[in-house]
Amino acid sequence: MRGSRCRVESLRCKECAQEYPLEARFVCDNCFGPLEVAYDFSGLDAAETRRKIQAGPQTIWRYADFLPFERPPQTALAAGVTPLIKADRLAERLGLREVWVKNDAANPTHSFKDRVVTVAVAKARELGYDVVACASTGNLANSVAAHAAAAGLESYVFIPSDLEEQKILATGVYGTHLVAVRGSYDDVNRLCTELSFERDWAFVNVNVRPYYAEGSKTLGYEIAEQLGWELPDRVVVPIASGSLFTKVAQGFEEWLDIGLIKGDLPVMNGAQAAGCSPVARAFADDMSVCRPVRPDTIAKSLAIGDPADGPYALELARRSGGGIEAVCDDEIRDGIRLLAETTGIFTETAGGVTTAVLSRLAERGDIDPAERVVATITGEGLKTLDAVRGSFETYEIEPRADAFAEAVEGDRVVA
Ligand SMILES: *Cc1c(COP(=O)(O)O)cnc(C)c1O
Ligand SMILES: [Zn+2]
């Protein structure tokens, strides 16, 4: 029967296409490939789907037909429908015609991670879990702790012990079990993978990762919807594990396939920090897999040395005519300042990476001035304050008008 909605069919191995039931599993028993959610969108009518989306809630659940649930779940904390801002002053500085900033810092815990966590936590509840957990580079910690608190679930959050203080404080406040691990994110992730086999918990980015990853598609849907059901020519997305980068494009492709939007897949540019750039390096070296690295960068939210979706990110960058760039810490700081000074948006280091890559592509002449470009700003500047410390001057004066004039305006006051 052709209904007016899609069917969530199964979990499917991205490598060998083996199918599995929709449970908490993430790796293929045959080939150890990663699993993803498989759908049948053939029952969706484009015009009707569009009307349904437009009549939907101002959250990611307006895209419920493209998410892994039979019916939209009730979630206590929302996510999504963040501003897409036309950044004319930024475009002008870069010599481009049309630049848009997708400001995902406007989510409840101030990063795009609320999109993936709201989906993962809803799925964890549906599967009957009472405890949620995660291995985090920072923003996931904030988000899991908050969404678990709102849903009344117990949570365990594992972070590298050298995380930014702001991210630690903005996680602990929600009343989670916060565990700082002496090691890199990759050590934390290995620990959580081990624990996921021993504890009956939903680790949002380990055993329920296939569902978690689906949340990132909504960033792509929103960009297309907010551009008036059109695609941009190019999108710049930061890469940690590579999941967001690949899922944004998957979102575009699903909508192209069902005829909800027209045109071609945008050129996809991935952005990494030079201090942790396994995917950018593999791209430059023409490799199809990444060699793991030990991270050393101020962009801690992107500091994954062994990125799970690296091969898929490489494939997407090549297939879309894009690329993957790496920028150094000083370029990241400049990127944060450039975005702040031209748009009024203060982003964290990951957004500095994205802006710096955009600026490099523009300078190098890779972007046709006629293009419509979207930069995805994934996190909030107040969480990585050290990145801007000392980058500007403060005047300290006595509370007198002449002191102000002298110090700030450089004016000698004539008595
Ligand atoms: C997690 C994160 C990303 C990218 O994550 P992926 O693992 O590549 O999906 C980008 N920006 C910020 C701010 C993040 O916290
Ligand atoms: Zn397989």
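All chains use their own residue numbering, which begins from 1 and follows the written sequence. As a convention, the first chain written is A and the first ligand written is 1, with the rest following in written order. Since the coordinates come from a predicted model, pLDDT governs what is reported: local features require at least 70, and pairs of side-chain atoms require 80 or more to be given and counted, while whole-chain, interface and lining totals use all residues. Values shown for side chains rest on all heavy atoms present in the structure; no hydrogens or waters enter the calculation.

Participant: Explain empty space enclosed by the protein to me, please; I cannot follow it from the model alone.
Facilitator: A water-sized probe, rolled over the atoms, reveals where empty space remains. Think of a 1 Å grid over just the protein atoms. A cavity is a set of points where a 1.4 Å probe fits yet cannot get out, a pocket is an open set with protein on both sides within 12 Å along at least five of seven lines, and lining residues have an atom within 4 Å of a point. Grid points are joined across faces, edges and corners, and a volume is the space filled by probe spheres set on the points. The final tally for this structure, using the stated rule, is two cavities of 30 Å³ or more. Volume-wise, the largest cavity comes out at about 280 Å³. Every residue lining the largest cavity is counted, 29 residues in all, and those nearest its centre are Phe112, Lys113, Tyr212, Ala240 and Ser301. Secondary structure counts use DSSP, requiring at least four H or I residues in a row for a helix and at least two E residues in a row for a strand, with both numbered from the N terminus. Elements supplying a minimum of two residues to the lining of the largest cavity: α3 (113-126), α4 (139-151), α7 (209-214) and α9 (243-257). Of all the elements, α9 adds the most residues to the lining of the largest cavity, at three residues. Ten residues, namely Ala, Val, Leu, Ile, Met, Phe, Trp, Tyr, Cys and Pro, are considered nonpolar, four, namely Asp, Glu, Lys and Arg, are considered charged, and the remaining ones, Gly among them, are considered polar. In the lining of the largest cavity, the residues fall into 14 nonpolar, twelve polar and three charged. Each domain's limits were defined by an automated method or a database of domain assignments. Among the domains, domain 2 (84-109 + 216-388) and domain 3 (113-213) are the pair contributing at least three residues each to the lining of the largest cavity. Roughly 80 Å³ of internal volume is contained in the second largest cavity. Every residue along the wall of the second largest cavity is listed here: Gln74, Thr75, Ala76, Leu77, Val117, Thr118, Val121, Ala122, Arg125, His147 and Ala151. Broken down by secondary-structure element, the contributors of at least two residues to the lining of the second largest cavity are α3 and α4. For the lining of the second largest cavity, the element with the highest residue contribution is α3, accounting for five residues.

Participant: How should the sheet that holds strand β4 (residues 84-86) be read in this particular structure?
Facilitator: Backbone hydrogen bonds hold the strands of a sheet together, and the pairing may be parallel or antiparallel. Two strands form a pair only when DSSP identifies at least two bridges running between them. Read from one edge of the open sheet, six strands run β4-β5-β13-β10-β11-β12, paired in mixed fashion. A strand with exactly one partner marks an edge of an open sheet, and here the two such strands are β4 and β12 (323-327). Recorded for the sheet is a direction-independent mean angle of 25° between the axes of neighbouring strands. Relative to strand β5 (residues 98-103), β4 is paired through three bridges, and the arrangement is antiparallel. Of the residues in β5, the one forming a bridge with Lys86 is Trp100. Contact definition: two residues touch when any of their heavy atoms are within 4.5 Å. Note on geometry: axes are lines fitted to C-alpha atoms, helical ones only across the stretch in contact, with angles between N-to-C directions running from 0 to 180 degrees. Contacting β11 (267-273) and β12, helix α11 (residues 310-319) runs over the sheet at an angle of about 115° to β12.

Participant: How should the state of the cysteines be read in this particular structure?
Facilitator: By definition, a disulfide is the covalent link that joins the sulfur atoms of two cysteine residues. Disulfides are defined as pairs of cysteine sulfur atoms found within 2.5 Å of each other. Counted by the stated rule, this structure contains zero disulfides. Sulfur of Cys134: no disulfide; nearest cysteine sulfur belongs to Cys192 and is 7.1 Å away. Cys328 takes part in no disulfide bond, and the closest cysteine sulfur to it belongs to Cys276, at a distance of 15 Å.

Participant: Which parts of the structure should I look at to understand the site of ligand 1?
Facilitator: Residues are labelled near a given molecule or strand when at least one of their non-hydrogen atoms is within 4 Å of it. Neighbouring ligand 1 are 15 residues, the closest being Lys113, Asn139, Ser241, Leu244 and Thr378. Polar contacts here mean pairs of N or O atoms no more than 3.5 Å apart (in protein, one a potential hydrogen donor and the other a potential acceptor; neighbouring residues in sequence count only if both atoms are side-chain atoms). Ser241 places a polar side-chain atom, nitrogen or oxygen, 2.6 Å from an oxygen atom of ligand 1. Note that a nitrogen atom of ligand 1 is positioned 2.7 Å from one of the side-chain N or O atoms of Thr378. Notes on ligand 1: free accessible area 390 Å², of which the protein chains cover 97%. Any molecule with more than half of its atoms within 2 Å of a cavity's or pocket's grid points is regarded as sitting in that cavity or pocket. At a threshold of 2 Å from the grid points, most atoms of ligand 1 map onto the largest cavity. Each accessible area is a Shrake-Rupley estimate made with a 1.4 Å probe; only the visible protein chains count as cover when residues are assessed.

Participant: Where do I start with the coordination of the zinc ion (ligand 2) in this structure?
Facilitator: Distances from the zinc ion (ligand 2) to its protein donors, Cys13 (SG), Cys16 (SG), Cys28 (SG) and Cys31 (SG), fall within 2.2 to 2.4 Å. Mapping the donors of the zinc ion (ligand 2) onto the primary sequence yields the spacing C-x2-C-x11-C-x2-C. Under the relative-accessibility criterion, Cys31 is labelled partly exposed at 33%. For Na, K and Ca the donor cutoff is 3.2 Å, while for all other metals N, O and S atoms count as donors only within 2.8 Å; water does not appear among the atoms, so some sites may look incomplete. Remark: exposure states derive from per-residue accessible area (1.4 Å probe, protein chains only) relative to the maximum for the residue type, with buried under 20%, exposed over 50%, and partly exposed in between.

Participant: Help me understand the domain arrangement of the chain in this model?
Facilitator: Interface extent is often summarised as the accessible area lost during association of the parts. Taken domain by domain, the chain comprises domain 1 (1-66), domain 2 (84-109 + 216-388) and domain 3 (113-213). Computed over C-alpha atoms only, the centres of domain 2 and domain 3 are separated by 24 Å. Taken together, the contacts link 29 residues of domain 2 with 21 residues of domain 3. Buried area: the accessible area, evaluated with a 1.4 Å probe, that two parts lose upon being put together, summed over both parts. Buried surface at the junction of domain 2 and domain 3, both sides included, amounts to about 2,000 Å², of which 42% is carbon and sulfur. Among the residues domain 2 hides against domain 3, the three largest losses belong to Thr109, Lys300 and Lys383. Together they make up 34% of the total. One speaks of a salt bridge when a side-chain nitrogen belonging to Lys or Arg is within 4 Å of a carboxyl oxygen belonging to Asp or Glu. Counting across the interface, domain 2 meets domain 3 through five salt bridges. Summed over the shared surface of domain 2 and domain 3, the result is 14 residue pairs in polar contact (both at pLDDT 80 or more). Elements that contribute at least two residues to the side of domain 2 that touches domain 3 include exactly α8 (217-226) and α9. At four residues, α8 tops the list of elements feeding residues into the side of domain 2 that touches domain 3.

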